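Observations on the model geometry
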Amino acid sequence: SPFITVPTSIGPSEIVLLEEYISGSASTTGGALRVANTSAPHPAPYNFPNVSIELGNEVWNQANTGQDMSYSYETAPYASWTNTVFTAAKASPVYNSVVYTFIASGWQGAAAWNKPLALAQGCSADAISYSCFGESLEEEAPQKARDSL
């Protein structure tokens, strides 16, 4: 099952196009692109049991510049954009809650980043990932983060 990290510059229509490319029929825009792919045409939707999509990677890390989102230690802009993108993805006709997991980029050991992200109004992320640098990867559901407050 794929784990895809998309740049924070991805927009709502692009995340839906990605979903369609993976899971849509040939009649969808993304599905038609998949079918027309000359290097590896795939007429039928991919039948992955799970697809994890993370918005950005270490978006809090000021050393990682170059994306369209402003990098800072402020959670609010990222939380708002995460909600915008993931809400669009979940409204897509090809969205399947059993297959897709949408992940916000967390910061291990930084409650000042993670709690506002998990508590963002209408939090649409299914999980928060942490970069663990030598430790095992953890994913924490936003509800668990909210419950621990």
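Reading the values: rules and limits
- Residues numbered from 1 in each chain as written.
- Predicted model: local features only at pLDDT ≥ 70, side-chain atom pairs only at ≥ 80, totals over all residues.
- Heavy atoms only, no water.
- Helix = DSSP H or I, 4+ residues; strand = E, 2+ residues; numbered from the N terminus.
- Contact = heavy atoms within 4.5 Å.
- Polar contact = N/O pair within 3.5 Å; in protein donor to acceptor, adjacent residues only side chain to side chain.
- Core = buried A, V, L, I, M, F, W, Y, C linked by side-chain atoms within 4.5 Å.
- Buried < 20%, exposed > 50% of the residue type's maximum accessible area, 1.4 Å probe, protein only.
- Pairing = 2+ DSSP bridges.
- Phe/Tyr/Trp six-rings, centres within 6.5 Å; stacked < 30°, edge-to-face > 60°.
- pLDDT = per-residue confidence, 0-100.

Some points on the environment of threonine 28
Inspection of the secondary structure assignment puts threonine 28 in the loop between α1 (12-23) and α2 (29-36). Spatially, the C-alpha atom of threonine 28 lies 9.3 Å from that of valine 94, the residues being 66 residues apart in sequence. In contact with threonine 28, not counting residues within four places along its chain, are Glu20 and Val94. From its side chain, threonine 28 meets the backbone oxygen of serine 25 in a polar contact 2.8 Å long. Of note is the side chain of threonine 28, whose polar atom sits 2.9 Å from the backbone nitrogen of glycine 31.

Side note on the nonpolar core
Grouped burial of nonpolar side chains is what soluble globular proteins tend to show. Grouped together as the largest cluster of nonpolar side chains are 28 residues, with contacts concentrated most on Ile15, Ile53, Leu55, Tyr78, Tyr100, Phe102 and Leu117. Counting only elements with at least two residues in this core, the list comes to α1, β2 (51-55), α3 (76-91), β3 (100-105) and α4 (111-119). Those residues in contact with phenylalanine 102 that lie beyond four places of it in its chain are Ile15, Glu19, Ile53, Phe86, Ala89, Lys90, Tyr95, Ala125, Asp126 and Ala127.

Describing the pairing of β2
Two faces make up the sheet, and in a regular strand the side chains alternate between them. Most of β2 sits out of view: five of its five residues are buried. Taking every second residue as pointing to the same face, both faces of β2 are buried, with Val51, Ile53 and Leu55 on one and Ser52 and Glu54 on the other. The pairing of strand β1 (residues 3-6) with β2 spans four bridges and is classified as parallel. Within the sheet, the bridge partner assigned to phenylalanine 3 lies in β2 and is serine 52. Direction of pairing for β2 relative to β3: parallel, over a ladder of five bridges. Paired with glutamate 54 across the two strands is isoleucine 103, which belongs to β3.

Structural notes on the side chain of glutamate 19
Mapped onto the fold, glutamate 19 is located in helix α1. Ignoring anything within four residues of it in the chain, the contact list for glutamate 19 reads Gly24, Ala89, Ser92, Val94, Tyr95, Tyr100 and Phe102.

As for the packing of aromatic side chains
Taken as a whole and judged by the stated rule, the model has five aromatic pairs. Put simply, the rings of Phe86, Tyr95, Tyr100 and Phe102 pair up and form one aromatic cluster.

Quick look at the confidence of the model for the protein
Low pLDDT means the predicted coordinates in that region are not meant to be read closely. Looking at the protein, pLDDT values average 80 and 74% of them are 70 or higher. Ranking the elements of the protein by mean pLDDT puts strand β5 (residues 139-140) last with 50 and α1 first with 96. Residue range residues 134-138 is modelled with pLDDT below 50. Its contacts to residues more than four positions away, or to other chains, number eight contacts.

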